[in-house]
Each structure stands twice: as C-alpha cells, then as structure tokens.
Amino acid sequence: MKIAILSRNRHLYSTRRLVEEGVNRGHEVKVIDCLHCSMNITSANPQIHYHEEVLEGFDVAIPRIGASVTFYGTAVLRQFEMMGVFPVNESVAISRSRDKLRSLQLLARKGVGMPVTGFANKPDNVPELLKMVGGAPVVIKLLQGTQGIGVVLAETRKAAESVIEAFMGLKADILVQEFIKEAGGADIRCFVIGDKVIAAMKRQGAEGEFRSNLHRGGSASLVRITPAERKTAITAAKAMGLNVAGVDLLRSSRGPLVMEVNSSPGLEGIENATGKNVAGMIVDWIEKNQKPWKTRTKGGRG
Ligand code: ADP
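Residues numbered from 1 in each chain as written. Predicted model: local features only at pLDDT ≥ 70, side-chain atom pairs only at ≥ 80, totals over all residues. Heavy atoms only, no water.

Undergrad: I'm lost on unusual backbone geometry in this one. Help?
TA: A negative phi angle is the norm for most residues apart from glycine, just as the trans form is the norm for most peptide bonds. Residue Pro137 follows Ala136 across a cis peptide bond; omega there is 0 degrees. Within the fold, Pro137 resides in the loop between helix H5 (126-132) and strand E9 (138-142). For His51, which is not a glycine, the phi torsion comes out positive at approximately 50 degrees. Residue placement: His51 occurs in the loop between strand E4 (47-50) and strand E5 (53-54). You will see that Lys171, though not glycine, has its phi angle at about 60 degrees, which is positive. Within the secondary structure, Lys171 sits in the loop between helix H6 (157-169) and strand E11 (174-178). Relative accessible area serves as the criterion here: at 74%, Lys171 is assigned to the exposed category. (Helix = DSSP H or I, 4+ residues; strand = E, 2+ residues; numbered from the N terminus. Buried < 20%, exposed > 50% of the residue type's maximum accessible area, 1.4 Å probe, protein only.)

Undergrad: Would you mind going over the pattern of salt bridges with me for this structure?
TA: Once their charged atoms are close, side chains differing in charge can pair, the charge on each being opposite to the other. Applying the stated criterion across every chain yields a total of 15 salt bridges. The partner of Arg17 in a salt bridge is Glu271, and the shortest N-O contact between them spans 2.7 Å. With a gap of 254 residues between them, Arg17 in helix H1 (residues 13-24) and Glu271 in helix H8 (residues 268-274) connect regions that are remote in the sequence. Side by side, Arg17 and Glu271 carry an identical accessibility label, which is buried. Taking the shortest distance from any N to any O, the salt bridge between Glu209 and Arg211 comes out at 2.8 Å. (Salt bridge = Lys/Arg side-chain N within 4 Å of Asp/Glu carboxyl O.)

Undergrad: Quick question: what am I supposed to make of the packing of aromatic side chains here?
TA: Two numbers describe a pair of aromatic rings. These are the distance of the centres and the angle of the planes. Here the structure, examined in full by the defined rule, presents 3 aromatic pairs. When the centroid spacing of 6.1 Å and the interplanar angle of 85 degrees are considered together, the rings of Phe58 and Phe80 count as edge-to-face. Of this pair, Phe58 sits in the loop between E5 and strand E6 (60-63) while Phe80 sits in helix H2 (residues 70-82); the two residues are 22 residues apart in sequence, bridging distant segments of the chain. Aromatic side chains Phe179 and Phe210 sit 5.9 Å apart centroid to centroid with 80 degrees between the ring planes, which places their arrangement in the edge-to-face category. Of this pair, Phe179 sits in the loop between E11 and strand E12 (186-193) while Phe210 sits in the loop between strand E13 (196-204) and strand E14 (219-222), and the two are 31 residues apart along the sequence. With relative accessibility at 25%, the residue Phe210 sits in the partly exposed group. (Phe/Tyr/Trp six-rings, centres within 6.5 Å; stacked < 30°, edge-to-face > 60°.)

Undergrad: Can you help me understand H2 in this one?
TA: Since the α-helix advances by 3.6 residues per turn, residues separated by three or four positions end up pointing in the same direction. The end-to-end C-alpha distance of H2 is 18 Å, a good match for the 18 Å that 13 residues give at a rise of 1.5 Å each. The complete set of buried residues in H2 reads Thr70, Gly73, Thr74, Ala75, Val76, Leu77, Gln79, Phe80 and Glu81. The positive-phi residue at the C-terminal boundary of H2 is Gly84, with phi of around 90 degrees. (Expected span 1.5 Å × (residues − 1).)

Undergrad: Can you walk me through the packing of H2 against helix H3 (residues 91-98) in this structure?
TA: Angle between the axes and distance between the axes are the two parameters that describe a pair of packed helices. Closest axis-to-axis distance for the H2/H3 pair is 9 Å, and the angle between their directions is 160 degrees. Considered as vectors, H2 and H3 are oriented roughly antiparallel to each other. Note on packing geometry: the crossing formed by H2 with H3 is left-handed. On H3, the residues touching Thr70, Thr74, Leu77, Arg78 and Glu81 of H2 are Ser91, Ile94, Ser95 and Arg98. (Axes fitted to C-alpha atoms, helices over the stretch in contact; angles between N-to-C directions. Parallel < 35°, antiparallel > 145°, perpendicular 65-115°, else oblique. Left-handed = near helix turned anticlockwise from the far one by under 90°. Contact = heavy atoms within 4.5 Å.)

Undergrad: Is there a simple way to explain the sheet that holds E6 in this structure?
TA: By way of backbone hydrogen bonds, the strands of a sheet pair with one another, either parallel or antiparallel. In space, the 4 strands of this open sheet follow the order E2-E1-E6-E7, with parallel pairing throughout. With one partner strand each, in any of the chains shown, strand E2 (28-32) and strand E7 (86-87) form the two edges of the open sheet. By the bridge criterion, 4 bridges tie strand E1 (residues 2-6) to E6 in an arrangement that is parallel. Note on E6: the bridge partner recorded for Leu6 is Pro63. (Pairing = 2+ DSSP bridges.)

Undergrad: I'm lost on the nonpolar core in this one. Help?
TA: What tends to happen in soluble globular proteins is that the nonpolar side chains get buried as a cluster. Counting residues in hydrophobic clusters, the biggest one holds 26 residues, and the most contacted among them are Leu107, Cys190, Val197, Ile225, Val247, Val258 and Val261. If you list the elements that add at least two residues to this core, you get helix H4 (100-109), E12, E13, helix H7 (227-240), strand E15 (244-252) and strand E16 (255-262). Residues contacting Cys190, with those up to four places away along its chain left out, are Val197, Ala199, Ala200, Ile225, Ala233, Ala245, Gly246, Val247 and Leu249. By size, the runner-up hydrophobic cluster in this structure holds 24 residues, among which are Val31, Phe191, Ile193 and Met201. (Core = buried A, V, L, I, M, F, W, Y, C linked by side-chain atoms within 4.5 Å.)

Undergrad: When you look at the site of the ligand in this model, what are you seeing that I'm missing?
TA: Surrounding the ligand, one finds 20 residues, the nearest of these being Lys141, Gly148, Glu178, Ile180 and Asn213. Between the ligand and Lys141, the relevant distance is 2.7 Å, taken from an oxygen atom to a side-chain nitrogen or oxygen of the residue. A distance of 2.7 Å separates an oxygen atom of the ligand from a polar side-chain atom of Asn213. Protein coverage of the free-state accessible area of the ligand, which is 550 Å², stands at 95%. (Near = heavy atom within 4 Å. Polar contact = N/O pair within 3.5 Å; in protein donor to acceptor, adjacent residues only side chain to side chain. Areas by Shrake-Rupley, 256 points an atom, 1.4 Å probe, with all protein chains shown as cover.)

Undergrad: Explanation requested: the environment of Ala93 in the structure shown.
TA: In this structure, Ala93 sits in helix H3. Its relative accessible area of 1% is what places Ala93 among the buried residues. With 128 residues separating them along the chain, Ala93 and Ser221 place their C-alpha atoms 29 Å apart. Once you skip the residues sitting within four places of it in the chain, Ala93 turns out to touch Met240, Gly241 and Leu242.

Everything listed here is a matter of geometry and, on its own, says nothing about what the molecule does.
Here is the structure:
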C-alpha cells in the first residue's frame, strides 16, 4: 500500500513509529505536512499539490492532525477522501471529536456515562449553572485548553463563582463539570482500534494534583480494565465515528465516565506503559480494513 501520514513533524514519536511499522510491513510511507498542501476543488479531478509534486496513487491517509491545525488539516484530509483514499479516521469524525460540546452531546445521546456537565454562553446566573451540576466542588474547563491547561478545581461555591466570572471576563468559552473525587487524581486512557480496546494505561497525577496529565508531572502504568470500561470506551469511539481513538475515562462510584475522546492519540505514553506495539496494530488494522472510497460520508460522493 501507499500510505500518507498527515503530520506536521516527521520527528514526533508517533509519526516515526507509524512510518517504521508501515515500512517494516513492506508499504510505501510518506509523511505530508498538511499546511504545505494546496488543493484544487473541482468535481471532476480533485488534486492535492505538495511542494512541486501532485500527490497521486495513495491508498491510505493516516491523519495525525494537531488541535491547532484542525480546520485546514481536516480540509486536506477531506480532499484525500474525495480522491478515494481510505482515511484511518474520517475528517467529519475528527471535526466532531475536536468540538468538546458537540462530543459530549453525541456521547450523551448514546447513553455513555460522563460527569454531569454544564455549558453556558453568558450565564447571567452563575449560581444556577453551579446548581445544575450539583454544586461545589466543580471542575471548570476552558474549551480551547489541552494538556490540562485551563482545567481548574474550585472547591467552594465562592471560588467557583470567581473563576467562572474571571474566565467570562476574558471572553473564554468554558464548561463546568461535577468533580469526580473518587477518581483520586487518576484517569484511564483506553486505546481503541476498530471495535477493540487494544491497550490501556492508568495515568496518576503527581501528589496533591487532581489532573493526571503526563505534561503536568503525572505517571503512567499498565492497567487491567473492567468489561464495563471496555464497553464504554468502544461505544464512545463508535459514537464519534473514530476507528482509532484514545478514550479517557474516570473511575467513579457510578461506573466509568468518559471525559474526552481523542482522534490523534499519542503513541509514546501507551507503548512505553504497556510494552505493546500499538503502531504495528494500527498498520495491521489498516491492512485488514482499507478499501478505496470507504468512508461513511464518501467525501461528499455519497
Ligand atoms: P485536557 O484535555 O486539557 O487534558 P481534561 O479535561 O482531560 O483536560 O482534564 C485534565 C485532567 O484533569 C484529567 O486527565 C483528569 O485527571 C482531571 N479531571 C478532568 N475533569 C475531571 C472531573 N470532572 N473530575 C475529576 N477529575 C477531572
């Protein structure tokens, strides 16, 4: 197969591992920086130009599109789809998963457990918003945040009101969420490929830290997940329409609760924590499932 990896940086661990496993299995693999792609949008013969070259003959596109380039990155991926190239994750599914509000609404519709969450554009009534999620303590999140930045635990009603008002003053979009205390500063990352959880790790926050992000000093270890956790992770990935996904769960007293579904889950943490060849499993899955023109939306042809 001829595989395109849409990634801005060929030196990133995940990109390197996918190239390595693709090449090991005899495939031709090219890393393409989507920001250097230009496209002609015609119904007869959609093309992608990359530097001096016209991209042709690809069977598969593996999107590794960073949050900051979602808009243009998904447009390039959509163009590949319009050329009949099989996307490991479809452009529409990636756009969906990048919108926190839309994601939570989709998960709720499928009956997936999640922390009670409130949104408001301009809450004239902050106390009412807090009451809606069960009152303090609450977690307040900036919608644009990643890696735990902009995730704040407000332990009292007064603290919560101040933080919400401060974020509002900065015109930031936020959500307010029930604090799952019993998770104990840990979460579970389930790595889903197709309809299986192929690896799982527990991330534990540093002492006294409720956020488990590795970037915030958390540590990762191999974990055995329960059948309910497995089922929840698979249902969540399916609800988003993602074939490859990292589903983050909190262990609560009422069962697994989904926090987030990530469409470009990193490989370094999960391969190191579990010792599994996750990149190889992604390529194996592609070999079994790749077909031209196989998308739910058919890149607009359906
Ligand atoms: P980001 O997407 O920036 O990583 P998250 O929403 O994943 O932000 O939150 C960061 C971390 O904070 C999570 O990994 C988890 O450990 C903790 N956390 C987030 N939401 C809650 C919550 N409602 N209850 C308890 N802990 C939470």
